[in-house]
Amino acid sequence: MPGEVKTIKVACKGADTKALDELKEFQGELKQLTTKNAKRLRTNILNNGFSAPVFVWQHKGDNFVIDGHQRLRVLQQMREEGFSIPLLPVAYIEAKTEREAKRKLLAIDSAFGRINVQGLDAYVSGAGLEIEILQEEIVLPAGEVILQPNQRNNRSEMDGPNDGIKEKAGYN
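What comes next is a walk through the structure. Remember, it's a predicted structure, so these values are computed and weren't measured experimentally.

## Some words on the environment of Gly 82
If you trace the backbone, Gly 82 turns up in the loop between α2 (69–80) and β6 (83–84). Among all residues touching Gly 82, those that are not within four sequence positions of it are Val 5 and Lys 6.

This is the structure in structure tokens:
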């Protein structure tokens, strides 16, 4: 319907809630969000709601985002498109200094675990999920997938993080 306000569903709880405009960017140019991944993230938010709290460091009256920058960028775009953005759940991260807060941001952003092909296959198929559909709304870390020796020779050239995941994970 024309004039109908589209609202983002919140699908989690945090220690508190904050308006989008109360949250301040903190990571600078540390990470980039490609147009393709912004579209995936938008699709994910529309399909699943806002599903994880934003991690916030409160310092001198400001709410600095430790984790959630890309989701907030996409929500800002969606607000420009006419979506109503509700209060967002936040979890507070404790840090005494900016240095400590930045160390925590880097630790939270680090991917310590690695996805292996068998684990990915079992996880996805065990839940009845389809890799083709998942690729429309999440970035599967193809660069982190551990290829088994018999699969390394079959590795295809990849243009991006999800390109080639089907071949590598056995989803042909």
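## Some remarks on the pairing of strand β7 (residues 88–92)
Pairing between strand β2 (residues 16–18) and β7: 3 bridges, direction antiparallel. Following the sheet pairing, Asp 16 is matched in β7 by Val 90. One ladder, built from 3 bridges, connects strand β4 (residues 54–59) with β7; its direction is parallel. Bridging from a neighbouring strand, Val 54 pairs with Val 90 of β7.

## Considerations on the pattern of salt bridges
Under the defined criterion, the tally for this structure stands at 7 salt bridges. The closest approach of N and O atoms between Arg 79 and Asp 21, which form a salt bridge, is 3.0 Å. With a gap of 58 residues between them, Arg 79 in helix α2 and Asp 21 in the loop between β2 and β3 (23–24) connect regions that are remote in the sequence. By relative accessible area, Asp 21 is classed as exposed at 59%. Linking Lys 24 and Asp 62 is a salt bridge whose minimum nitrogen-to-oxygen distance equals 3.5 Å. In this pair, Lys 24 sits in strand β3 while Asp 62 sits in strand β5 (residues 62–67), placing the two residues 38 residues apart along the sequence. Note on Lys 24: relative accessible area 38%, which makes it partly exposed.

The rules behind each value
Residues numbered from 1 in each chain as written. Predicted model: local features only at pLDDT ≥ 70, side-chain atom pairs only at ≥ 80, totals over all residues. Heavy atoms only, no water. Helix = DSSP H or I, 4+ residues; strand = E, 2+ residues; numbered from the N terminus. Contact = heavy atoms within 4.5 Å. Pairing = 2+ DSSP bridges. Salt bridge = Lys/Arg side-chain N within 4 Å of Asp/Glu carboxyl O. Buried < 20%, exposed > 50% of the residue type's maximum accessible area, 1.4 Å probe, protein only.

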